[in-house]
Amino acid sequence: MNLWNEAKSVPITRSMVWAAYKKVRTHGESAGIDEICLEDFDRHRSKHLYKLWNRMASGSYFPPALKEVEIPKGEGKLRRLGIPTISDRVGQMVIKDYLEPRFEVIFTPNSYGYRPGKSAHQALLQVRENCWKLNWVIDLDIEGFFDNIDHDKLMLALEKHVQENWVKMYIRRFLTAPVQKATGEQVEKQGKGTPQGGVISPLLANLFLHYVLDKWLEKTDSSVKMVRYADDAILHCFSKAHAGGTLKRVKERLEECGLRLHPSKTKVVYCRDHRRQENHELVKFDFLGYSFQPRSTMSKNTGKLFLGYDCAISIESRKRIIARLRELNIEYLSHRSIVGIAQFLNPIIRGWVNYYGKFRCSELSGVFQHLRRRLIKWARKRYKRYRSSLNRAFKWLERVKVQFPNLFYHWQIGFS
């Protein structure tokens, strides 16, 4: 008898587990508390997947504790992620794949985060267009959102669209899985929170905010234009009074649902440009790694400069990229030639350009000037003839660029 085809009490099939595994294996290799990374998992893949399927399909699967990992968040702060084991990631993906199509039918078009066919660039484009039409913006920052999602309220939202008891059972188990800290201590959940790092967390977060914010705002004030990417939301209003009143109502609504706006990061911003000349203190906000603010813009019709309101890579994003370049220690890389350096760096550079170069790509020039200085330092350490002369090293890099203009990805698009 093929045990994979044995009838089970929960309708989870072998093909569902296999499809989930294929998605999980393309999204990172980090190990959970069992210290089994993707490479180790693959060595005994059949055994691991059969064990997971057997337990999930019989209703006896209980997620292990999540491994707490801290990553830099900016401003010296840390973001705590809860990393599931590989097997648990596959289990979460099985439930996510099962639920996502029915949730997609109800989600509103203004929600862009972690949804099939939606992207951060689409969200940025919509915010950009809204800023040109409406004068005022509310930049919402929900404090500790993922840590404060109320489990009971989330399950109520789930009940509206999920009748299957086995699905709700597993959602409950995923939500209540403990977190294991670096000390080995396991911390139980206290009825709230869905950890960042979990496969199913973004879907559940979108469902929660769909009812807490999206549909509520749609019903109470359809004149507000909102763009939301997970827990990052931008609300566009037609006047300062409208923005102030909307912010007050949103604050009350979130508090009713167990959430709190960050008091210093939430702000009301005026979209000042050549048409909108009122004097207000706040005229800039950041969203998804981009800064929206008044910027000199060239008219496509006349070729003349005017003050527009547009987005480009934010100062914080630029700082993070430069910090990453420092971490790479380019001047100490052991590659024998500049060709090896380019092969190593190009995938990283391409990622930066593809994301941060979507709008006002020229604003990346400072990043690539820093990279150029790092490459010159590498040459001076690698070749004796350049150690005594910075100018000769600089001219060498210029010659390389002339001879091999496509060597580095940023050279291909016109940066030095």
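Refer to the preceding data block for the structure.
On a predicted model such as this, the values are computed, not experimentally measured, just so you know.

(A) A look at empty space enclosed by the protein. A full pass over the atoms with the stated rule returns one cavity of 30 Å³ or more. Taken as a whole, the largest cavity encloses approximately 70 Å³ of empty space. Around the largest cavity, the lining residues are Leu-66, Asp-88, Gln-92, Phe-174, Leu-175, Ala-177, Thr-194, Pro-195, Gly-198, Ile-200 and Ser-201. At the level of elements, α4 (86-106) and α7 (165-176) are the ones that each hand at least two residues to the lining of the largest cavity. Taken together, the residues that form the lining of the largest cavity break down as six nonpolar, four polar and one charged.

(B) Structural view of the pairing of strand β10 (residues 290-298). Alignment of strand β9 (residues 285-287) against β10, held across three bridges, turns out to be antiparallel. Directly across from Phe-285, in β10, lies its bridge partner Phe-292. Counted between consecutive antiparallel strands, the loop separating β9 from β10 contains two residues, among which Leu-288 sits at a positive phi close to 55 degrees.

(C) The pattern of salt bridges, seen in detail. Evaluation of the coordinates by the stated rule reveals 27 salt bridges. Here Glu-100 and Lys-96 are joined by a salt bridge, their closest N and O atoms 3.2 Å apart. Highlighted residues: Glu-100 and Lys-96, both in helix α4, separated by four residues, approximately one helical turn. Taken as a pair, Glu-100 and Lys-96 share a single burial class, namely buried. Residues joined by salt bridges that share partners form a network here, namely Glu-68, Glu-70, Arg-80 and Lys-181.

(D) Structural context of helix α5 (residues 120-133). Over its 14 residues, α5 runs 20 Å from end to end, which matches the ideal 20 Å to within 8%, given 1.5 Å per residue. Among all positions of α5, only Ala-120, His-121, Ala-123, Leu-124, Val-127, Arg-128, Asn-130 and Cys-131 are buried.

(E) Here's a closer look at the sheet that holds strand β3 (residues 136-141). What the four strands build is an open sheet, ordered β6-β7-β3-β8; its pairing is antiparallel. With one partner strand each, in any of the chains shown, β6 (225-229) and β8 (267-270) form the two edges of the open sheet. Averaged over all pairs of adjacent strands, the angle between strand axes in this sheet comes to 20 degrees, irrespective of strand direction. Here five bridges tie β6 to strand β7 (residues 232-237), and the two strands are oriented antiparallel to one another. Note that in β7 the partner of Lys-225 across the bridge is His-236. Against the sheet, helix α9 (residues 240-256) touches β3, β7 and β8, its axis set at about 20 degrees to β3.

(F) Molecular detail of the sheet that holds strand β11 (residues 305-313). Pairing within the open sheet is antiparallel, and its three strands lie in the order β9-β10-β11. In this open sheet, the two edge strands, each paired with only one partner strand, are β9 and β11. The sheet shows a mean angle of 50 degrees between the axes of neighbouring strands, direction not considered.

(G) How the structure looks around the packing of helix α8 (residues 201-220) against α9. Running from N to C, α8 and α9 cross one another at 145 degrees; their axes reach a closest spacing of 10 Å. Where α8 crosses over α9, the handedness of that crossing is right-handed. Touching Tyr-211, Val-212, Leu-213 and Trp-216 of α8 are Arg-249, Val-250, Arg-253 and Leu-254, all from α9. When grouped by side-chain class, the residues that make up the contact of α8 with α9 number six nonpolar, no polar and two charged.

(H) Representation of the packing of aromatic side chains. Applying the stated rule across the entire model yields 22 aromatic pairs. Both rings, one in Phe-285 and one in Phe-292, keep their centres 4.9 Å apart while their planes meet at 0 degrees; by these two values the pair is stacked. A ring pair is formed by Phe-368 and Phe-415, whose centres lie 4.9 Å apart and whose planes are at 50 degrees; its orientation type is tilted. Placement of Phe-368 in helix α12 (residues 365-382) and of Phe-415 in the segment after α14 (409-412) is noted, with a sequence separation of 47 residues between them. Note on accessibility: Phe-368 and Phe-415 belong to one class, buried. Through a chain of ring-to-ring contacts, three or more aromatic side chains come together here, namely Tyr-290, Tyr-355, Tyr-356 and Phe-359. When the ring centre of Tyr-211 is taken as reference, the NZ or CZ atom of Lys-160 above it lies at 5.5 Å. Over the ring of Phe-62 we find Arg-173, and its NZ or CZ is 3.7 Å from the ring centre.

Parameters and conventions
Residues numbered from 1 in each chain as written. Predicted model: local features only at pLDDT ≥ 70, side-chain atom pairs only at ≥ 80, totals over all residues. Heavy atoms only, no water. 1 Å grid on protein atoms, 1.4 Å probe; cavity = no way out; pocket = protein on both sides within 12 Å on 5 of 7 lines; lining within 4 Å. Points joined across faces, edges and corners; volume = space filled by probe spheres on them. Helix = DSSP H or I, 4+ residues; strand = E, 2+ residues; numbered from the N terminus. Nonpolar A, V, L, I, M, F, W, Y, C, P; charged D, E, K, R; others polar. Pairing = 2+ DSSP bridges. Salt bridge = Lys/Arg side-chain N within 4 Å of Asp/Glu carboxyl O. Buried < 20%, exposed > 50% of the residue type's maximum accessible area, 1.4 Å probe, protein only. Expected span 1.5 Å × (residues − 1). Axes fitted to C-alpha atoms, helices over the stretch in contact; angles between N-to-C directions. Contact = heavy atoms within 4.5 Å. Left-handed = near helix turned anticlockwise from the far one by under 90°. Phe/Tyr/Trp six-rings, centres within 6.5 Å; stacked < 30°, edge-to-face > 60°. Lys NZ or Arg CZ within 6 Å of the ring centre and 35° of its normal.

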